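# Understanding the architecture of this molecule
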Amino acid sequence: MDYPPIISADAVADAVRCAIAQAAVTLRCDVRAGIEKVALREESPRAQRVLRQILENADIAARDGVPLCQDTGTVWVCLEVGERVAVPGNVFTGVDAAVAEAYECGRLRMSVLRDALFDRTNTNTNAPAFCEIRFRPGAGATVYVMLKGGGSDNASRVVMLAPGAGVEGVRRVVLECVREKAANACPPLIVGVGVGATFDKVAGLAKHALLRPVGSVAARPEAAAFERDLLDAVNASGIGPAALGGACTALAVHVETAPCHIAALPVAVNMGCCAMRSASVEVIPWGDER
């Protein structure tokens, strides 16, 4: 009898610990390539200097093992697991301890409070992490970790549009959010856009969109065309790197859509800063099924 692979809490905790150590000090390869690409065609001397400084900062962080940004963020963890993998109980039981250890060892700033409203004292561990699990076909498992700073998350929003607002309504929400908030989110940005699902789920679509590599193309042609249109419009704003003017306000706009109620058109925008700290660890190989 063939038994299904098993994902353990220890394996998830180890993956989180490893991913934090990587994401905190290493600029994602696709983000770096995107910045290098736009730097070649940026005409503003000031914007060119900013882009060079972002790359220099990344070099120093990787060389010295120091954080890319002083705001080392909250820890968001997503476990993507195959439907043929056995998940015994709560696989996130070791994550908070792993977060505390990784932040202590990496000398990362502790930024998490005990309660948003009634006890705004620091937990001094950067825990709890904010965890979710997603199932997909297959027999593998991957842990995704994102370190999300306050500046970029504070620049995000959720809007419940009337269904008649359509594509133009979604476009308006994205561009208004960029014009009003991009300067505080440390551009050049990756802009994650979620459309559909429900009030509580649409923000998750936008956050997951940030995991897509810069330069990737949406699977649906209409989505790919909409992403190109939004990116052109965002960059036409002239906000530029570090909001000091220039042609590159965003490296990418990624749109994720989902079904929704006939009376609804939920839209979420989640900003990713120029550091865009995320990493993934394959805990159980997916093989050829992925």
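My aim in this report is to walk through the structure given alongside it, one point at a time. From a predicted model like this one, the values you see are computed outputs, not experimental measurements. (Residues numbered from 1 in each chain as written. Predicted model: local features only at pLDDT ≥ 70, side-chain atom pairs only at ≥ 80, totals over all residues. Heavy atoms only, no water.)

## Topic: the packing of helix α2 (residues 29-41) against helix α3 (residues 45-64)
The relative placement of two packed helices is expressed as an angle between their axes plus a distance between the axes. Going by this rule: A fitted line through C-alpha atoms serves as each axis, taken over the contacting stretch for helices, and the angle formed by two N-to-C directions is quoted from 0 to 180°. Runs of H or I in DSSP of at least four residues are treated as helices and runs of E of at least two as strands, each being numbered from the N terminus. Working rule for angles: under 35 degrees goes down as roughly parallel, over 145 as roughly antiparallel, 65 to 115 as roughly perpendicular, anything else as oblique. Here is the rule for handedness: rotate from the far helix to the near one, and if that takes an anticlockwise turn smaller than a right angle the crossing is left-handed, while a clockwise turn gives right-handed. Should any heavy atoms of two residues lie within 4.5 Å, those residues are considered in contact. Classification used: nonpolar for Ala, Val, Leu, Ile, Met, Phe, Trp, Tyr, Cys and Pro, charged for Asp, Glu, Lys and Arg, polar for all others including Gly.
The N-to-C vectors of α2 and α3 enclose an angle of 155 degrees; their axes lie 10 Å apart at closest approach. With respect to α3, the axis of α2 lies roughly antiparallel. For the pair α2 and α3, the sense of crossing is left-handed. Only Gln 48, Leu 51, Ile 54, Leu 55, Ala 58 and Asp 59 of α3 make contact with α2, whose side of the interface consists of Arg 32, Ile 35, Glu 36, Val 38 and Ala 39. Across the contact of α2 with α3, the residue classes break down as seven nonpolar, one polar and three charged.

## Details of the side chain of Thr 249
Stated precisely, the cut-off is as follows: Only protein chains enter the accessibility calculation, which uses a 1.4 Å probe. A residue is then buried if its area is under 20% of the maximum for its type, exposed if over 50%, and partly exposed in between.
Turning to its location among the elements, Thr 249 is positioned in the loop between α8 (221-235) and β8 (250-260). Here Thr 249 falls in the buried class, since its relative accessible area comes to 0%. Look past the residues within four positions of Thr 249 in its chain and what remains in contact with it is Val 178, Ala 182, Pro 187, Pro 188, Leu 189, Val 234, Asn 235, Ser 237, Gly 238, Ile 239 and Gly 240.

## Some points on a nonpolar patch on the surface
We apply this condition: Patch membership is restricted to residues that have no salt bridge and whose relative accessible area is over 30%. Joining uses 9 Å for like charges and 5 Å for the nonpolar side chains Val, Leu, Ile, Met, Phe, Trp and Tyr. To measure how exposed things are, a 1.4 Å probe is used in the Shrake-Rupley method; for residues, cover is taken only from the protein chains shown. Criterion for a salt bridge: a side-chain nitrogen of Lys or Arg within 4 Å of a carboxyl oxygen of Asp or Glu.
Judged by side-chain polarity, Val 158, Met 160 and Phe 199 come together as a nonpolar surface patch covering roughly 290 Å² of accessible area. You can call Met 160 partly exposed: its relative accessible area is 44%.

## What to know about the packing of helix α1 (residues 9-25) against helix α4 (residues 95-105)
Across the interface, α1 lies against α4 with an axial gap of 8 Å and an inter-helix angle of 25 degrees. Classed by the angle they form, the pair α1 and α4 counts as roughly parallel. Crossing of α1 over α4 shows right-handed handedness. Of α4, the residues touching α1 (which contributes Val 12, Ala 13, Val 16, Arg 17 and Ile 20) are Val 95, Ala 98, Val 99, Glu 101, Ala 102 and Tyr 103. Split by residue class, the contact of α1 with α4 holds nine nonpolar, no polar and two charged.

## Quick look at the environment of Val 173
Along the chain, Val 173 turns up in helix α6 (residues 166-181). According to the relative accessible area criterion, Val 173 is buried, its value standing at 7%. Separated by 122 residues in sequence, Val 173 and Leu 51 have C-alpha atoms that sit 27 Å apart.

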